[in-house]
Amino acid sequence: MGRFETKVLTDLEHVDALTDLSGKWVDRVWERKPIRQLILDLDSSVSETYGSQEGTAYNGHFNCTCYHPLFCFNQFGDLERALLREGNVHSTDDWHSVLEPVVARYRDANIGRFFRGDAAFANPEIYTLLEKEDYLYAICLPANQNFYIFWPQSTRVSPIRPRVGTQPVAWWPKWNGIRVSCFPAWVSLSST
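Residues numbered from 1 in each chain as written. Predicted model: local features only at pLDDT ≥ 70, side-chain atom pairs only at ≥ 80, totals over all residues. Heavy atoms only, no water.

Caption draft 1: View of the overall build of the protein chain. Scanning the protein chain from terminus to terminus reveals 4 helices and 10 strands. For the protein chain, the N- to C-terminal ordering of α and β elements is α-α-β-β-β-β-β-β-α-β-α-β-β-β. Per-residue burial over the protein chain gives 34% buried out of 192 residues. Pairs at least 24 apart in sequence give 53% of the contacts found in the protein chain among residues at least 6 apart. As displayed, the protein chain has an accessible area near 12,100 Å², and 52% of this comes from carbon and sulfur atoms. (Helix = DSSP H or I, 4+ residues; strand = E, 2+ residues; numbered from the N terminus. Buried < 20%, exposed > 50% of the residue type's maximum accessible area, 1.4 Å probe, protein only. Contact = heavy atoms within 4.5 Å. Areas by Shrake-Rupley, 256 points an atom, 1.4 Å probe, with all protein chains shown as cover.)

Caption draft 2: Main features of the side chain of Asn74. Tracing the chain through its elements places Asn74 in the loop between strand 5 (70–73) and strand 6 (79–83). Taking the relative accessible area as the measure of exposure, Asn74 reaches 3% and is therefore buried. Polar side-chain contacts of Asn74 include one of 2.9 Å to the backbone nitrogen of Phe76. At a separation of 3.0 Å, a polar atom in the side chain of Asn74 contacts the side chain of Glu80. In contact with Asn74, not counting residues within four places along its chain, are Val26, Trp30, Leu38, Ile39 and Glu80. (Polar contact = N/O pair within 3.5 Å; in protein donor to acceptor, adjacent residues only side chain to side chain.)

Caption draft 3: Main features of the sheet that holds strand 3 (residues 57–59). Strands sit in the order 2-4-3 across an open sheet of 3 strands; the sheet is antiparallel. Unpaired on one side and paired on the other, strand 2 (47–48) and strand 3 mark the two borders of the sheet. Pairing geometry for strand 3 and strand 4 (residues 64–67), over 3 bridges, is antiparallel. When the sheet's bridge partners are listed, Ala57 is paired in strand 4 with Cys66. (Pairing = 2+ DSSP bridges.)

Caption draft 4: Highlighting helix 2 (residues 12–32). The terminal C-alpha atoms of helix 2 lie 31 Å apart, and with 21 residues this matches the ideal 30 Å at 1.5 Å per residue to within 8%. Its axis deflected by about 40° at Leu21, helix 2 carries its strongest bend there. For helix 2, the complete set of buried residues consists of Ser22, Gly23, Val26 and Trp30. Check the buried side of helix 2 and you find it contacts strand 6 and helix 3 (95–105). (Expected span 1.5 Å × (residues − 1). Bend = angle between axes of the 7 residues up to and from the residue.)

See below:
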């Protein structure tokens, strides 16, 4: 088993095949039970390590020695793709390797496509990819004491304002067909 893990599985061709495996399983499910819409959720996580494993590093955000994997799930909780990364990388590091192959798999599907991500993914490159591929998206914007986010076309307009000294406000709209992004029409800056 040890030789299999170190000789066979570490070959680049096999690593790529393993990376694509979960997406192929999801595709097989969709063949039998087609979907009308897709919601992709990209997020990083923490996988604590103990000892001196290759790639493990201290991460100040999580306050531990860990790996910092990146995951892309669909709305059913199925893993579309994952990437194991060193523990001290930024949440969005190498997002292309995870998101772009998943987006490419659904490019020709005639379904509604949505994406959601936390504030780490408030990145113009991600917006460009999603808009080019015709995804509607909700990405939490990094907040500060002068930054408000308003619900568009809502009867219940309420500003979301973080308190000074706290983490950015989590913001997840209910999916109602409204494009939510960081364009100026959706954002109002306060002078206070």
